[in-house]
Amino acid sequence: MKRHLLCIPCTIRAAYDIAARATHDEELQEKVVIEVLKWLKKVSKDKEITPNILHTYAFRVAKRITGNNDPFDRLKKESNDLAVQLIPHLKSEYEKRSFRDGLRLAALSTICGNSIDFEVEDYHFSFSNLVNQLKNCLEEPLAINDLDKLMVLLPRAKKIVYLHDNAGEVVFDKFFIEVITRNYPVKVVSAVKSGPVLNDATLNDAAQIKLDEFSQVVTTGSDSVGLVLKECSAEFLEHVREADLIISKGQGYYESLTELEHLLRKPILYMLKAKCIVVARSLNINVGDNVIKFSYIK
């Protein structure tokens, strides 16, 4: 997905918000915003740049100038803790349903978990409302529903690379992976970020929620939002080459992988909640809609 004009003000706002989380020093906050503004001017004519690159740059600038390596550390831990408390309710609901409906519930829960986000323009998330938000989301329809295609592919797949997005959300990913591996003879490789970037899941988050109970946990080798192939480790890229299916969670991965499909040349399952108008327009849906969408490259 190419960047849109609206991605520019979104990145500027994100730069300020990240800086404000990283430090109370307003002079440092201003330095972050000014440096990001200057960089945006330099790359403004690059129409091939993807939105995930913009927010990655803003985060890296904020880290360097403020000296705070992980401004979202507390929020990520709180997200994981709260999400874990909701899993018993989710499992109870799952047990009441047929296999297909249960799989849909588990998949939808990961998309509902994708609502835990703090850096999307005009999108506001509240911990205090997460329980009700999740329960309501589980009753929502899917604007794009390729679940039947997933059910066709899963029995044939031997290896899945699962690209995790945010902390908190990763708890619901774990439940979805549990459902998959208990019902299909497939190996799942869970990929998290190699270092802090926004509230994306890292090895620390994976350890906190014991993600390795149902999957092999690796890092992408990069601390970028979404996927930047030139930054990825050889180990991760080998897992991708061996995979029969890539499950891509969240907007950041959608923004980047849609431009890499011709290189990866394998089934990609995009699972996300459209939280900004640019992503929603690219999918021809409304902001707030839930998506399970396959992309096959022949």
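Note that the coordinates shown come from a computational prediction; the quantities given were computed from them, not determined experimentally. (Residues numbered from 1 in each chain as written. Predicted model: local features only at pLDDT ≥ 70, side-chain atom pairs only at ≥ 80, totals over all residues. Heavy atoms only, no water.)

Asks: Mind showing me how you'd approach a nonpolar patch on the surface here?
Replies: Judged by side-chain polarity, Leu6, Ile277 and Val287 come together as a nonpolar surface patch covering roughly 230 Å² of accessible area. For Ile277, the position within the fold is in helix H13 (residues 277-283). (Patch = residues over 30% accessible without salt bridge, like charges linked within 9 Å, V, L, I, M, F, W, Y side chains within 5 Å. Areas by Shrake-Rupley, 256 points an atom, 1.4 Å probe, with all protein chains shown as cover. Salt bridge = Lys/Arg side-chain N within 4 Å of Asp/Glu carboxyl O. Helix = DSSP H or I, 4+ residues; strand = E, 2+ residues; numbered from the N terminus.)

Asks: Is there a simple way to explain the packing of aromatic side chains in this structure?
Replies: What describes a pair of aromatic rings is the distance from one ring centre to the other and the angle between the planes of the rings. Counting across every chain of the model gives six aromatic pairs. On the numbers, 6.0 Å between centres and 55° between planes, the contact of Phe99 with Tyr184 is tilted. Here Phe99 is found in helix H5 (residues 99-113), whereas its partner Tyr184 is found in the loop between helix H8 (169-183) and strand E3 (187-192), with 85 residues between them in sequence. Its relative accessible area of 32% is what places Phe99 among the partly exposed residues. Taking the relative accessible area as the measure of exposure, Tyr184 reaches 10% and is therefore buried. Ring plane angle 85° and centroid distance 5.2 Å describe the contact between Tyr254 and Tyr270, whose orientation is recorded as edge-to-face. Here the residue Tyr254 occupies a position in helix H11 (residues 250-257), and Tyr270 occupies one in strand E6 (residues 268-273), the gap between them amounting to 16 residues. The exposure classification of Tyr254 matches that of Tyr270, with both residues buried. (Phe/Tyr/Trp six-rings, centres within 6.5 Å; stacked < 30°, edge-to-face > 60°. Buried < 20%, exposed > 50% of the residue type's maximum accessible area, 1.4 Å probe, protein only.)

Asks: Even after reading the chapter, I still don't get the pairing of strand E7 (residues 290-295), so can you show me in this structure?
Replies: Moving residue by residue along a regular strand, the side chains alternate between the two faces of the sheet. Within E7, five of the six residues are buried, which leaves the element mostly enclosed by the surrounding structure. Bridge count for strand E1 (residues 144-145) against E7 is two bridges, and the pairing is parallel. Bridge pairing links Asn145 to Ile292 in E7. For E6 and E7, the ladder comprises six bridges, and the chain directions are antiparallel. Residue Leu272 lies in a different strand from E7, and its bridge partner there is Val291. (Pairing = 2+ DSSP bridges.)

Asks: I tried to follow a negative patch on the surface on my own but got confused; where do I start?
Replies: A contiguous patch of negative charge, built from Asp25, Glu26, Glu27 and Glu30, is present on the exposed surface. Position of Glu30 among the secondary structure elements: in helix H2 (residues 26-43). Taking the relative accessible area as the measure of exposure, Glu30 reaches 53% and is therefore exposed. (Lys, Arg positive; Asp, Glu negative; His and termini not counted. Charge placed at Lys NZ, Arg CZ, Asp CG, Glu CD.)

Asks: How should I be thinking about the side chain of Asn52 in this particular structure?
Replies: With respect to the element layout, Asn52 can be found in helix H3 (residues 51-66). Since its relative accessible area comes to 1%, Asn52 is described here as buried. A distance of 3.0 Å separates a polar atom in the side chain of Asn52 from the backbone oxygen of Val225. Excluding its chain neighbours within four sequence positions, the residues that come into contact with Asn52 are Val225, Gly226, Leu227, Val228, Gly252, Glu255 and Ser256. (Polar contact = N/O pair within 3.5 Å; in protein donor to acceptor, adjacent residues only side chain to side chain. Contact = heavy atoms within 4.5 Å.)

Asks: Is there a simple way to explain the nonpolar core in this structure?
Replies: Nonpolar side chains in soluble globular proteins generally cluster together in the buried interior. Ile18, Val32, Leu163, Phe236, Leu257, Val279 and Leu283 are the most contacted members of the largest nonpolar core, which totals 52 residues. When neighbours within four sequence positions are excluded, Val279 is seen to be in contact with Met1, Gln251, Tyr254, Glu255, Leu272 and Ala274. Among the nonpolar cores identified, the runner-up in size contains 46 residues, and Ala157, Val171, Ala206 and Met271 belong to it. (Core = buried A, V, L, I, M, F, W, Y, C linked by side-chain atoms within 4.5 Å.)

Asks: Is there a simple way to explain H3 in this structure?
Replies: Residues three or four positions apart in an α-helix share a direction because the helix packs 3.6 residues into each turn. Its 16 residues give H3 an end-to-end C-alpha distance of 23 Å, which sits within 8% of 22 Å, the value for a rise of 1.5 Å per residue. Of all 16 residues in H3, 12 are buried; the element is thus mostly enclosed. Among the residues making up H3, those that are buried are Pro51, Asn52, Leu54, His55, Thr56, Ala58, Phe59, Val61, Ala62, Lys63, Ile65 and Thr66. Buried residues along H3 sit in contact with helix H1 (7-22), H2 and H11. Gly67 sits one or two positions beyond H3 and adopts a positive phi of about 80°. (Expected span 1.5 Å × (residues − 1).)

Asks: I'm lost on the pattern of salt bridges in this one. Help?
Replies: Any two side chains of opposite charge can pair, so long as their charged atoms come close to each other. The tally for this structure, following the rule as stated, stands at 22 salt bridges. Between Glu48 and Lys2 there is a salt bridge, with its nearest N and O atoms 3.5 Å apart. Taken together, the residues Glu48 in the loop between H2 and H3 and Lys2 in the segment before H1 connect sequence positions 46 residues apart. Judged by its relative accessible area of 57%, Glu48 is exposed. For Lys2, a relative accessible area of 32% puts it in the partly exposed group. A salt bridge links Arg182 to Glu178; its shortest N-O distance comes to 3.0 Å. Remark: Glu178 and Arg182 occur in helix H8; sequence separation between them is four residues, near one turn of the helix. Given the relative accessible area of 12%, Glu178 is considered buried.

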